[in-house]
Every structure is written in structure tokens, then in C-alpha cells.
Amino acid sequence: MTDFDYCIIGGGVIGLACAYELSHHGSVLLLEQNNRFGAETSSRNSEVIHAGLYYAPGSLKERLCIEGKQRLYRFCENFDVPHKAIGKLIVAPESGQEQLTQLLRKGRNLRIPLQSLDQQQLQDMEPQVRGYVALYSPTTGIIDSHSYMERLAQQAEQRGALLLKHSRVVSASERDNGWQIEVCSMDGVSSIRCAALVNAAGLQAQKMAHALGIKESRIPKLYLCRGHYFSYQSKNPFRHLIYPLPEKNLAGLGIHATLDLGNQLRFGPDTEYLSDDTPDYRVDPALAPTFARAIQRYFPGLKEQHLQPDYAGIRPKLHTKHETAADFNIQRPDNSAPAVHLFGIESPGLTASLAIGTFVTEMLQK
Ligand SMILES: Cc1cc2nc3c(=O)[nH]c(=O)nc-3n(C[C@H](O)[C@H](O)[C@H](O)COP(=O)(O)OP(=O)(O)OC[C@H]3O[C@@H](n4cnc5c(N)ncnc54)[C@H](O)[C@@H]3O)c2cc1C
């Protein structure tokens, strides 16, 4: 006898998307340790709906981003989530032409709509931006991630899912081919039984996997990589998202200009691997000159004094800064009761969330 068919650990966008998908198939309990959903990485990102251009061919990141993007736009339409396909420009200097051509070729193979722009066309679209060539991606957009998470939660609850805040999973053990979970809440510690588990604990997914007894060799090493944002304290001159060429090892997409739905402009994120494994979200104002130099390469009119430290997010990376980008690591160990663990769900996790929810559901139903 179990209390629930599925128990999800973590109420970020990934846990919520899993709850939404799994609630079609059985009873769902989601446990979130904080006093609101999505308070960690899911509310510390760029809120960009990515087109799926950057990821290793055939990777889960590529596949789930492209599928997730289409589903996310549909979800936003169906459930009134504020969003806008405002389009993005990837801007390159003369020396970046070859890299841009490769991106164009890759995008066309993936059937991602893209348009190549010369200097004049770029100037016409964004008079304040300087570049020798550019790529225009019209299907890239922005989303109000908080409304999105609220709607995921509402929809899951309408199908009977129970989503609890202030509920931290402290341990879990296998029992009768299912799981017994100990949960610490405001009422004390309680015990819950479920048939299958989803470990969507984000930055704590590795720790949770240890607690669940997953084989040490199956748990990928976690590297915390902070990305800082600076807000722009002057009138926004842009109508599109503006990106430089991505970093060579894809640790980040370069310090880009993102707009939110209120037309506020911010710049970021950079990439800083942390030596400590405790998340620290401080934004050091001393980073402003480095930000200004990076931004001035494509926005020469930027004045450093218009940059204001804003917020930071932390990527749960599975590779060091010297290695090429690792893929999402989503696994169902075959030597335990049914469980799926999600490791390294960095960008484009928000875009891919609905596709990840379906992927996890299919893994649990095999
Ligand atoms: C700087 C930055 C920029 C990004 N930009 C974009 C972007 O523009 N577009 C995009 O598609 N993606 C982007 N991403 C990626 C996206 O934000 C993440 O992939 C996504 O938010 C991950 O969600 P999550 O649910 O896995 O993690 P989280 O949001 O961290 O959720 C995990 C949850 O698990 C909970 N938890 C942990 N342990 C326990 C426990 N023991 N018991 C109960 N609850 C627990 C935590 O409290 C947390 O709420 C960005 C990420 C970063 C860091």
C-alpha cells in the first residue's frame, strides 16, 4: 500500500513540470523545502525561451529544448502566461563570421528559423548595436517564469496533485519495491510511502541521490557556476534580445542583453565557477567594469555608471571550466525501486521543462 503513485522532490520549474505531466497518470505528491515554489534557480535566470541552437548535436539539451520551446509557447497561449516572441540577435565582429555561419548551418539542419543579417540590416533593426554580421532568431522569446510556475502548479492541483511547501525530504529508503520518505515540515517529521520517486532537487540533486542510496559511480560530480546580472539604469534602447557569440566551451552564452516583459533591460549572466559548494548569490559591484567592457563590444554607447548590481543565479554544472559542456543527466537506476534523478539541469532547463516532464514520465512508465 502506498500513499501516492509519484513523489517529486523539489518544486522548481522542473519538479512542477513533472507534477503537471505525471498528474495525468496517477496520484502525485510534490515536496518543496522553501516557503514558495521556484525560489532557487528557477527564479534566478534570464527568462528566455531558447530556440535550441547551441547544444551538442543529438544531445538531450538540443532535443528537449526544441520540443520544449514549442510546447511552452502552446502552454503560454492556453493558460494565459505572459510571454512574447521578441526575437534575438546574435552579433559578431568580422573575426566571428565563421562561427556565425556554423551556427546558421546548424540551425537550418534543425529547422530553427534563422535569418542572416549584414551590417546595414543589423543597424536598421537595432541602431545602437554594433557588429559586422548577425543572426536573427525570431522564435526566441521571453516569459514570465513566475506566472508559468504558478500555472503549472494550478493545473497539476486541478488534476488532484498535492503540492506542499515548507516540506524538506530528509531521507528515503526502499520499501516493498517502492519508497518510504521522511519529510520535515512545520508539523514535525512524517513518513510517506510512494511507488516512484523523482529527484528534481536542482542544486541539491546529488546530495539527495546520496541520501536515496544511488550507486556512488552513477552520481555525476557537481560544479556550481554563478552567473551575475546587472540592471541597466537608463532608457532601454533595444527591441530584441542581443547576444554576443557564445563562449567557446559553452560554459555560458556570453554577457547578453535581456528584456523582461516590463521592457526592463538587464545584462548577464557571466560565468564564475565557485570553489565552495554552498550557493552564494552575492553580486560584487566590482564586476561592473568587466561587464561594461564585454557589453561595449556590441553596445558601444553603454556607460558603466548605468550598470547596477542586480541578482545572481547558480548553474548546476557537470563539467569543469576546462571541459566541454555536459548534457543533462537524467537517469533511472535499474537496481532500485522506480526513481528518476535529474542532474545538471542548467540552461535551457526552463525552455525544456515540459519536454523534460514528459521524458521523466515515459522513463517511469517503462
Ligand atoms: C544564470 C542562469 C540563467 C539561466 N537562463 C535560462 C534561460 O534564459 N532560459 C532557460 O531555458 N533556462 C535558463 N536557465 C536554466 C533554468 O533556470 C534551470 O534549468 C531551471 O530553473 C532548473 O530548475 P530546477 O527545478 O531543476 O531547479 P530549482 O529551481 O533549483 O528547483 C529545485 C528545488 O528543489 C528544492 N529542494 C532541494 N532539496 C530539497 C529537499 N531535500 N526537499 C524538498 N525540496 C528540495 C529546492 O528548494 C528548489 O526549489 C538559467 C539558469 C541560470 C543559473
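Residues numbered from 1 in each chain as written. Predicted model: local features only at pLDDT ≥ 70, side-chain atom pairs only at ≥ 80, totals over all residues. Heavy atoms only, no water.

**Side note on helix 5 (residues 145-158)**
Between its terminal C-alpha atoms helix 5 stretches 20 Å, which fits the 20 Å expected from 14 residues at 1.5 Å a residue. Where helix 5 is buried, its residues contact helix 1 (13-22), helix 2 (60-78), strand 8 (141-143), strand 9 (162-164) and helix 8 (349-365). Backbone nitrogen of His-146 and a side-chain oxygen of the N-cap are separated by 3.1 Å at the start of helix 5; the cap is Asp-144. (Helix = DSSP H or I, 4+ residues; strand = E, 2+ residues; numbered from the N terminus. Expected span 1.5 Å × (residues − 1). Contact = heavy atoms within 4.5 Å. Polar contact = N/O pair within 3.5 Å; in protein donor to acceptor, adjacent residues only side chain to side chain.)

**Points about the site of the ligand**
Within the structure, the ligand sits among 39 residues, and Glu-32, Ser-42, Gln-204, Ile-345 and Thr-351 are positioned closest to it. The separation between an oxygen atom of the ligand and a polar side-chain atom of Asn-45 is 2.9 Å. Relative to its free-state accessible area of 1,000 Å², the ligand is covered by the protein chains to the extent of 97%. Mapped onto the shell around the ligand, the elements with two or more residues apiece are helix 1, strand 10 (168-175), strand 18 (307-317) and helix 8. Here the shell around the ligand is built from residues that sort into 15 nonpolar, 17 polar and 7 charged. Both of domain 1 (4-46 + 146-220 + 327-365) and domain 2 (83-140 + 222-317) provide at least three residues apiece to the shell around the ligand. (Near = heavy atom within 4 Å. Areas by Shrake-Rupley, 256 points an atom, 1.4 Å probe, with all protein chains shown as cover. Nonpolar A, V, L, I, M, F, W, Y, C, P; charged D, E, K, R; others polar. Domains from an automatic or database assignment.)

**Brief notes about the sheet that holds strand 3 (residues 48-49)**
The 3 strands lie next to each other as 3-8-4, forming an open sheet whose pairing is antiparallel. The sheet is open, and its two edges are formed by strand 3 and strand 4 (83-84), each paired on a single side. Pairing analysis gives 2 bridges linking strand 4 to strand 8, with the strands arranged antiparallel. For Lys-84, the partnering residue across the bridge sits in strand 8 and is Ile-142. (Pairing = 2+ DSSP bridges.)

**Digging into the pairing of strand 5 (residues 88-92)**
Across a regular strand the side chains alternate sides, sitting on one face of the sheet and then on the other. Counted residue by residue, strand 5 has 5 buried out of 5 residues, so it is predominantly covered. Across the two faces of strand 5 the burial is the same, with Lys-88, Ile-90 and Ala-92 and Leu-89 and Val-91 all buried. Here strand 5 runs beside strand 7 (residues 133-137); their pairing, made up of 5 bridges, is antiparallel. Within strand 7, the position partnered with Val-91 by the bridge is Ala-134. (Buried < 20%, exposed > 50% of the residue type's maximum accessible area, 1.4 Å probe, protein only.)

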